[in-house]
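Notes for the structure review
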Amino acid sequence: MRLEHFTERSFQQQVLASRQVVLMYFWARWCPPEYRLMDAWVECVAARHGGALKVVKVDVEADLVLSDRYIIRAVPTLLVFKGGDMVDRAVGAMTRTAIRRMLEVHLPTPAVTLF
């Protein structure tokens, strides 16, 4: 799964009106290489959750409106939206496991088959 690059113009439809849990991944081209590894980790977690999760990537320099609206002062920053509301936030580099744990709290649990 590739991360969808995102701008403020489609924010209402893509995030606030989404029926899926949305992970907004704020980044910058000047991030150190070790922080840029989060691209692959976010993609991996997104692929694991398929249709239950939408991931959008926001360049803080290209989209100042969203960066200001959500007071993004450091990158990477992850915001989680559910039902149009921001329900979680994390700042700084995270492991794949930490990203997965952050999201699983907000994602629907899969149905358990008894047989």
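Here, the structure is the one placed above.
Described below are features of the structure shown in this document. Predicted model, so just to flag it, every value in this text is computed and none were measured.

1. Regarding the side chain of K57
Turning to its location among the elements, K57 is positioned in strand β3 (residues 53–59). Since its relative accessible area comes to 7%, K57 is described here as buried. At a separation of 2.9 Å, a polar atom in the side chain of K57 contacts the side chain of D39.

2. Concerning the packing of aromatic side chains
The final tally for this structure, using the stated rule, is three aromatic pairs. Taking 5.9 Å as the distance between ring centres and 50° as the angle between the ring planes, the aromatic pair formed by F11 and Y70 counts as tilted. Of the two residues, F11 sits in helix α1 (residues 11–16) while Y70 sits in the loop between α4 (64–69) and β4 (77–82), which places them 59 residues apart along the sequence. With relative accessibility at 15%, the residue Y70 sits in the buried group. Considering the side-chain rings of F11 and F81, the 6.1 Å spacing of their centres and the 80° angle between planes classify their relative orientation as edge-to-face. Highlighted residues: F11 in helix α1 and F81 in strand β4, separated in sequence by 70 residues. Cation over ring: K57 sits above W27, and NZ or CZ is 4.2 Å from the ring centre.

3. Some words on helix α5 (residues 96–104)
Buried within α5 are the following residues: I99, M102 and L103. Buried residues in α5, looked at end-on, bunch into an arc of 95°, giving them a common side. Elements in contact with the buried residues of α5: β2 (21–27), α3 (38–49), β3, β4 and β5 (85–91).

4. Looking at the packing of α3 against α5
One way to put it is that α3 packs onto α5 with a least axis distance of 9 Å and a crossing angle of 40°. Compared by their axis directions, α3 and α5 come out oblique. Crossing hand, α3 versus α5: right-handed. When α3 is examined against α5, the residues M38, W41, V42, C44, V45, R48 and H49 are found in contact with a partner set consisting of R96, I99, R100, L103 and E104.

5. Observations regarding the environment of I72
Structurally, the position occupied by I72 is in the loop between α4 and β4. Excluding residues that lie within four positions of it along the chain, I72 makes contacts with F26, V60, S67, T77, L79 and R89.

6. Looking at the environment of E34
Counting through the fold element by element, E34 comes out in helix α2 (residues 33–36). A relative accessible area of 48% means that E34 is categorised as partly exposed. Sequence separation of E34 and A93 is 59 residues, and the distance between their C-alpha atoms is 8.2 Å.

7. Thoughts on unusual backbone geometry
Residue P76 is reached from V75 by a cis peptide bond, and omega for that bond is 0°. Inspection of the secondary structure puts P76 in the loop between α4 and β4. If you check the backbone angles, I71 has positive phi at about 50° while not being a glycine. Within the secondary structure, I71 sits in the loop between α4 and β4. Judged by its relative accessible area of 52%, I71 is exposed.

Basis of the calculations
Residues numbered from 1 in each chain as written. Predicted model: local features only at pLDDT ≥ 70, side-chain atom pairs only at ≥ 80, totals over all residues. Heavy atoms only, no water. Helix = DSSP H or I, 4+ residues; strand = E, 2+ residues; numbered from the N terminus. Buried < 20%, exposed > 50% of the residue type's maximum accessible area, 1.4 Å probe, protein only. Polar contact = N/O pair within 3.5 Å; in protein donor to acceptor, adjacent residues only side chain to side chain. Phe/Tyr/Trp six-rings, centres within 6.5 Å; stacked < 30°, edge-to-face > 60°. Lys NZ or Arg CZ within 6 Å of the ring centre and 35° of its normal. Arc of directions from axis to C-beta. Contact = heavy atoms within 4.5 Å. Axes fitted to C-alpha atoms, helices over the stretch in contact; angles between N-to-C directions. Parallel < 35°, antiparallel > 145°, perpendicular 65-115°, else oblique. Left-handed = near helix turned anticlockwise from the far one by under 90°.

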